[in-house]
Amino acid sequence: MYDPVQLRTFLTVAQTLSFTQAAARLGVGQSTVSQHVRRLEQATGRPLFLRDTHSVELTEDGEALLGFARSILEAHERAAAFFTGTRIRGRLRFGASEDFVLTRLPEILEAFRHEHPEVELELSVELSGTLHERLDAGRLDLVLAKRRGEGDERGRLVWRDRMVWIGAEGLRVDPDRPVPLIVFPPPGITRARALDVLQADGRPWRIACTSGSLSGLIAAARAGLGVMAHTRGLIPPGLVRVGGLPELGPVEFALLRGPRVSAAAEALAGAILSGADRLTRAA
């Protein structure tokens, strides 16, 4: 009933919230993406996206289809791997941003290890800025991290969202006092964005907590020490959005490959792209 090609297009649009970006990632024309979504909506008999000239959002039925689509595509991939009989081997150095520590990325990695038991997977969890540096130095083969900023189009877009200010429930930022910030150390991309935005807005700030660990930042925020810039779709339990501060703008997460191209890196990249909607869900 449901065409796997159309389902993969649907998942890509759901992950990027953009028909244009989905087309670029899939290597097809935007009209093809629209056609796939339209045919899938005809097959389901339900609208899957709310879209206008400025935005794309999933409907409730679109949200419901996410899990079904992922399961169907995973079954196809397992069957293809079984019957082709190809076995991938080698060492794979993979780096993931701290942002994904509390998501279901471990499930994607577990499934990958099950499918490719002869791949020696080495995982590094670091700040996005650090991952970019290690990839450029040839110390990583594949990285899942924030893009560095506007105009950075390196890698394959995995997921787009917005950054927001978050803090403990009931926290209020006094407009007459410096903004208390909870931040990663340099070269954190989120840290740089927060400082740049406040400076552009003319808002004084002070560092209330610095930690290289996301769990450390979350603990400080839950204690009410200040506010932190964070991805909207990854807000940890116990923290809420905080108003009264300048907009932080969009954020994009991308997969970047090192110069050493390998079958293992390609396979893991495919698994992450297929399961990217899991990255917005807590484990």
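As shown above, the structure is provided for reference.
Just so you know, these numbers come straight off a predicted model, no measurement behind them.

Peer 1: Could you give an account of the packing of aromatic side chains, naming the residues involved and the relevant values?
Peer 2: Under the definition given, this model contains five aromatic pairs. Aromatic side chains Phe10 and Phe49 sit 5.5 Å apart centroid to centroid with 50° between the ring planes, which places their arrangement in the tilted category. Placement of the pair is Phe10 in helix H1 (residues 4-16) and Phe49 in strand E1 (residues 49-51), with a sequence separation of 39 residues. For the pair formed by Phe10 and Phe49, the shared burial category is buried. Here the aromatic rings of Phe100 and Trp159 are separated by 6.5 Å at their centres, their planes lie at 50°, and the arrangement is tilted. Note that Phe100 is positioned in the loop between strand E3 (90-97) and helix H5 (105-115) and Trp159 in strand E6 (residues 156-168), a separation of 59 residues in sequence. Look at Phe100 and you get buried, because its relative accessible area is 2%. Connected via pairs of aromatic rings, a cluster forms that spans Phe10, Phe19 and Phe49.

Peer 1: I'd like a rundown of the packing of helix H2 (residues 19-26) against helix H3 (residues 30-44), residues and numbers included.
Peer 2: Direction vectors running N to C along H2 and H3 enclose 105°, while the axes themselves pass 8 Å from each other. Comparing the axis directions of H2 and H3 gives the class roughly perpendicular. For the pair formed by H2 and H3, the contact residues are Phe19, Thr20, Ala22 and Ala23 on the first element and Gln30, Val33, Ser34 and Val37 on the second. The residue makeup of the contact of H2 with H3, split by class, is five nonpolar, three polar and no charged.

Peer 1: Describe the pattern of salt bridges, and please don't skip the residues or the numbers.
Peer 2: Within the structure shown, the criterion is met by 15 salt bridges. Two residues, Arg232 and Asp161, come together in a salt bridge whose shortest N-O distance is 3.0 Å. Of this pair, Arg232 sits in the loop between strand E9 (228-231) and strand E10 (239-241) while Asp161 sits in strand E6, and the two are 71 residues apart along the sequence. Accessibility expressed as a relative area gives 37% for Arg232, which makes it partly exposed. Taking the relative accessible area as the measure of exposure, Asp161 reaches 8% and is therefore buried. The salt bridge involving Glu266 is made with Arg257; its shortest N-O contact spans 2.8 Å. In this structure Glu266 comes out as partly exposed when scored by relative accessible area, which is 37%.

Peer 1: I'd like a description of the nonpolar core, backed by residues and values.
Peer 2: Most often, soluble globular proteins keep nonpolar side chains buried together rather than apart. One finds Leu144, Trp165 and Val227 to be the most contacted residues of the largest nonpolar core, which totals 42 residues. Looking at this core, the elements that each hand over two or more residues are E3, H5, strand E5 (142-146), E6, strand E7 (179-183), helix H7 (189-201), strand E11 (250-257) and helix H9 (263-274). If one sorts the elements of this core by residue count, H9 sits on top with six residues. Once you skip the residues sitting within four places of it in the chain, Trp165 turns out to touch Leu181, Ala194, Leu198, Val227, Met228, Ala229, Val240, Arg241, Val242, Leu245, Pro246 and Leu248.

Peer 1: Any details on unusual backbone geometry? Residues and values, ideally.
Peer 2: Trans peptide bonds make up the majority, and among non-glycine residues the majority have a negative phi. The residue after Pro186, namely Pro187, is reached through a cis peptide bond having omega 10°. Here Pro187 is to be found in the loop between E7 and H7.

Peer 1: How would you explain helix H6 (residues 128-136) if you had to name every residue and give the values?
Peer 2: The buried fraction of H6 amounts to seven of the nine residues, a majority that puts the element mostly inside the structure. Buried within H6 are the following residues: Ser128, Gly129, Thr130, Leu131, His132, Arg134 and Leu135. Directly beyond the C-terminal end of H6, a positive phi value near 80° is found at Gly138.

Peer 1: Which residues make up the side chain of Arg193, and what values do they have?
Peer 2: Residue placement: Arg193 occurs in helix H7. For the buried Arg193, no salt bridge is present, and the opposite-charge side chain at shortest range is Asp196, 6.6 Å distant. Among the polar contacts listed, one links the side chain of Arg193 to the backbone oxygen of Leu248, at a separation of 2.7 Å. Setting aside chain neighbours within four positions, we find Arg193 in contact with Met163, Leu248, Gly249 and Pro250.

Peer 1: So what about H5? Which residues, and what values?
Peer 2: Among all positions of H5, only Leu105, Ile108, Leu109 and Phe112 are buried. Viewed end-on, H5 has its buried residues packed into an arc of 95°, placing them on one side of the element. Away from its buried face, by an angle of more than 90 degrees, H5 presents the exposed residues Glu110 and His114. Here the buried face of H5 lies against E3, strand E4 (119-126), E5 and H9.

About the criteria used
Residues numbered from 1 in each chain as written. Predicted model: local features only at pLDDT ≥ 70, side-chain atom pairs only at ≥ 80, totals over all residues. Heavy atoms only, no water. Phe/Tyr/Trp six-rings, centres within 6.5 Å; stacked < 30°, edge-to-face > 60°. Helix = DSSP H or I, 4+ residues; strand = E, 2+ residues; numbered from the N terminus. Buried < 20%, exposed > 50% of the residue type's maximum accessible area, 1.4 Å probe, protein only. Axes fitted to C-alpha atoms, helices over the stretch in contact; angles between N-to-C directions. Parallel < 35°, antiparallel > 145°, perpendicular 65-115°, else oblique. Contact = heavy atoms within 4.5 Å. Nonpolar A, V, L, I, M, F, W, Y, C, P; charged D, E, K, R; others polar. Salt bridge = Lys/Arg side-chain N within 4 Å of Asp/Glu carboxyl O. Core = buried A, V, L, I, M, F, W, Y, C linked by side-chain atoms within 4.5 Å. Lys, Arg positive; Asp, Glu negative; His and termini not counted. Polar contact = N/O pair within 3.5 Å; in protein donor to acceptor, adjacent residues only side chain to side chain. Arc of directions from axis to C-beta.

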